[in-house]
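Listed here are the chains, written in short residue letters.
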Amino acid sequence: RVTGVQTCALPIFPVTLRVSALQIFAAVTATHPTCPTEQDIMDLLFLTCNEFEDQDLRRFSAMSLANIASEVENSAHILKKPHLDALVACIGTAMNDDTVLLDHMTQLFHNIVRLDPGAGQLVIQSNFHERITNRQLLSSMSPRAAIYVSDTLRHLSEDLFARLEL
């Protein structure tokens, strides 16, 4: 049985159908961020981090993840070191050329650091601060993404462990 975001992760469906389904899912998560399951989050992580995936699928997946990360109830599913490691690793790979995807990723991390008092430590341990301050990546950011990064680093500086690392 295939449900939820799984239909978007399966390449057997046409890309247009997969993109449309993710557009709807992104809209739903904007108003109901607690509706996704842990499997939905895993599928969204896969779609976001897969460099060979359709650009719009990656964008809507990252947007959905950012929406999901705005709700504290989802912290148990999102605040896992392997998830954060994967997201941080994909930040600098193919995002220099896609400011929309980079916008969604910076919003995602902005929301993640606000989920839980210990989230900052996990984000720092995943080397977010090193990856996001890459000069080439910073120069390709939109003003919106730069604001999210600045505020994310400000939130990180409120955590003693993160402040010492920064």
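All values reported here derive from a predicted model rather than from experimental measurement.

**Details of helix H11 (residues 143-157)**
Here's step 1: Over its 15 residues, H11 extends 21 Å from the first C-alpha to the last, a length consistent with the 21 Å expected when each residue adds 1.5 Å.
Here's step 2: Here H11 has its buried residues at Ala 145, Tyr 148, Val 149, Thr 152, His 155 and Leu 156. Angular distribution of buried residues about the axis of H11 spans 125°; they occupy a single face of the element. Summarising the geometry of H11, the exposed residues directed more than 90 degrees from the buried face are Pro 143 and Ile 147.
Here's step 3: Taken together, the buried residues of H11 touch helix H7 (99-112), helix H8 (119-125), helix H9 (128-132) and helix H12 (160-165).

**Topic: empty space enclosed by the protein**
Here's step 1: On inspection of all chains with the given rule, the structure shows 1 cavity of 30 Å³ or more.
Here's step 2: Each pocket or cavity is described by its volume, and for the largest cavity that value is around 40 Å³.
Here's step 3: Looking at the largest cavity, the residues that line it are Ile 41, Leu 45, Leu 65, Ile 78, His 83, Leu 87 and Leu 108.
Here's step 4: Looking at the lining of the largest cavity residue by residue, the classes come out as 6 nonpolar, 1 polar and no charged.

**Observations concerning the pattern of salt bridges**
Here's step 1: Summed over all chains, the structure comprises 8 salt bridges.
Here's step 2: A salt bridge links Glu 38 to Lys 80, with the nearest nitrogen and oxygen atoms 2.4 Å apart. Separated by 42 residues along the polypeptide, Glu 38 in helix H3 (residues 38-49) and Lys 80 in the loop between helix H5 (75-78) and helix H6 (81-91) bring together distant segments of the chain.
Here's step 3: Residue classification places Glu 38 among the partly exposed positions, given a relative accessible area of 32%.
Here's step 4: In this structure, the salt-bridge partner of Arg 59 is Asp 98, at a minimum N-O distance of 2.9 Å. Of the two residues, Arg 59 sits in helix H4 (residues 55-68) while Asp 98 sits in the loop between H6 and H7, which places them 39 residues apart along the sequence.
Here's step 5: On the accessibility criterion, Asp 98 (5% relative accessible area) is buried.
Here's step 6: Ionic contacts of the salt-bridge type, sharing partners, join the residues Asp 56, Arg 59 and Asp 98 into one network.

Calculation notes
Residues numbered from 1 in each chain as written. Predicted model: local features only at pLDDT ≥ 70, side-chain atom pairs only at ≥ 80, totals over all residues. Heavy atoms only, no water. Helix = DSSP H or I, 4+ residues; strand = E, 2+ residues; numbered from the N terminus. Expected span 1.5 Å × (residues − 1). Buried < 20%, exposed > 50% of the residue type's maximum accessible area, 1.4 Å probe, protein only. Arc of directions from axis to C-beta. Contact = heavy atoms within 4.5 Å. 1 Å grid on protein atoms, 1.4 Å probe; cavity = no way out; pocket = protein on both sides within 12 Å on 5 of 7 lines; lining within 4 Å. Points joined across faces, edges and corners; volume = space filled by probe spheres on them. Nonpolar A, V, L, I, M, F, W, Y, C, P; charged D, E, K, R; others polar. Salt bridge = Lys/Arg side-chain N within 4 Å of Asp/Glu carboxyl O.

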